[in-house]
Amino acid sequence: MGKIVNITITKIVDFGAFCDAEIDGKIYKGLIHISEIADAYVTNVSDFVTVGQQMDGYVISVDDSKDQAKLSLKRVSK
C-alpha cells in the first residue's frame, strides 16, 4: 500500500473505473472510486479516463484473498 503502480483502465461505471493493476509482480482487479479520480468534482468519469488507457495509480489497499485492490488517481501527484 502507498506505492505507485502501473494500471490499465478496463471498464468505466457511474461510480468510478475498474482497472488491472500490477502490484509486486501480480495482477489485481482494481477499483478507482469516483471520489479518487481527481481533486475536482467529478460528474462523468469518462471525462478523465478511457478504457485501455495506461497510467499510474496509487495503491490505497489490497485484498490478497480476492486479488482486488483499491486505487487512486488523484493521490499520484501528491
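Just so it is clear, the structure is predicted and the values come from calculations on it, not from any experiment.

**Student:** Quick question: what am I supposed to make of the overall build of the chain here?
**Tutor:** Broken down by element type, the chain carries zero helices and five strands. Shown N-terminal to C-terminal, the secondary structure of the chain runs as helices and strands in the order β-β-β-β-β. Relative to its length of 78 residues, the chain is compact, with a C-alpha radius of gyration of 11 Å against a globular reference of 12 Å. For the chain, the spread of C-alpha atoms along the three principal axes comes to 30 × 25 × 20 Å. Counting across all 78 residues of the chain, residues that qualify as buried make up 33%. In the chain, of all internal contacts separated by at least 6 residues, the share reaching a separation of at least 24 is 54%.

**Student:** Explain the sheet that holds strand E2 (residues 16-23) to me, please; I cannot follow it from the model alone.
**Tutor:** Strands in a sheet are paired, the pairing made by backbone hydrogen bonds, and the direction either parallel or antiparallel. Taken together, the five strands give a closed barrel; going around it, the order is E1-E2-E3-E5-E4, and neighbouring strands pair in mixed fashion. The mean inter-strand angle of the sheet, taken between neighbouring strand axes irrespective of direction, is 50°.

**Student:** What is the right way to look at the pattern of salt bridges in this model?
**Tutor:** If the charged atoms of two oppositely charged side chains come close together, the side chains can form a pair. A full pass over the atoms with the stated rule returns four salt bridges. For Asp24, the salt bridge goes to Lys3, with nearest N and O atoms at 2.3 Å. Within this pair, whereas Asp24 is found in the loop between E2 and strand E3 (26-33), its partner Lys3 is found in the segment before strand E1 (4-13), the two being separated by 21 residues in sequence. When its relative accessible area of 65% is taken as the criterion, Asp24 is described as exposed. Using a relative accessible area of 34% as the deciding quantity, one classes Lys3 as partly exposed. Salt-bridge contacts for Glu36 lead to Arg75; the nearest nitrogen and oxygen are separated by 2.9 Å.

**Student:** Sorry if this is basic, but what is going on with the pairing of E3 here?
**Tutor:** Each regular strand shows side chains that alternate between the opposite faces of the sheet. In this sheet, E3 lies alongside E2 in antiparallel orientation, the contact comprising eight bridges. Pairing of Gly16 across the sheet is with His33, part of E3. Turn length for the E2-E3 hairpin, with the two strands adjacent in sequence and antiparallel, is two residues, and the turn residue Asp24 shows positive phi of about 55°. Looking at chain direction, E3 and strand E5 (residues 68-72) are connected through four bridges and run parallel. Residue pairing across strands places Gly30 opposite Ala69, the latter belonging to E5.

How each quantity is defined
- In every chain, residue numbers begin from 1 and rise along the written sequence.
- Per-residue local features of the predicted model are confined to residues with pLDDT of at least 70, and side-chain atom pairs are confined, for both listing and counting, to 80 or more; whole-chain, interface and lining totals are unaffected and use all residues.
- Side-chain metrics in this entry use all non-hydrogen atoms of the structure; hydrogen atoms and water are not considered.
- Each helix corresponds to a stretch of at least 4 residues labelled H or I by DSSP, and each strand to a stretch of at least 2 residues labelled E; elements are numbered beginning at the N terminus.
- For this measure, only C-alpha atoms enter the radius of gyration; the expected value for a globule follows 2.2 Å times N^0.38, where N is the number of residues.
- The classification of residues rests on relative accessible area computed with a 1.4 Å probe and restricted to protein chains. Under 20% of the type maximum is buried, over 50% is exposed, and intermediate values are partly exposed.
- Residue contacts follow a heavy-atom distance rule, with two residues in contact if any of their heavy atoms lie within 4.5 Å.
- A pair of strands is labelled paired if DSSP reports no fewer than 2 bridges between them.
- To get an axis, fit a line to the C-alpha atoms, keeping to the stretch in contact for a helix; angles then go from 0 to 180 degrees between the N-to-C directions.
- Any Lys or Arg side-chain nitrogen found within 4 Å of a carboxyl oxygen on Asp or Glu counts as a salt bridge.

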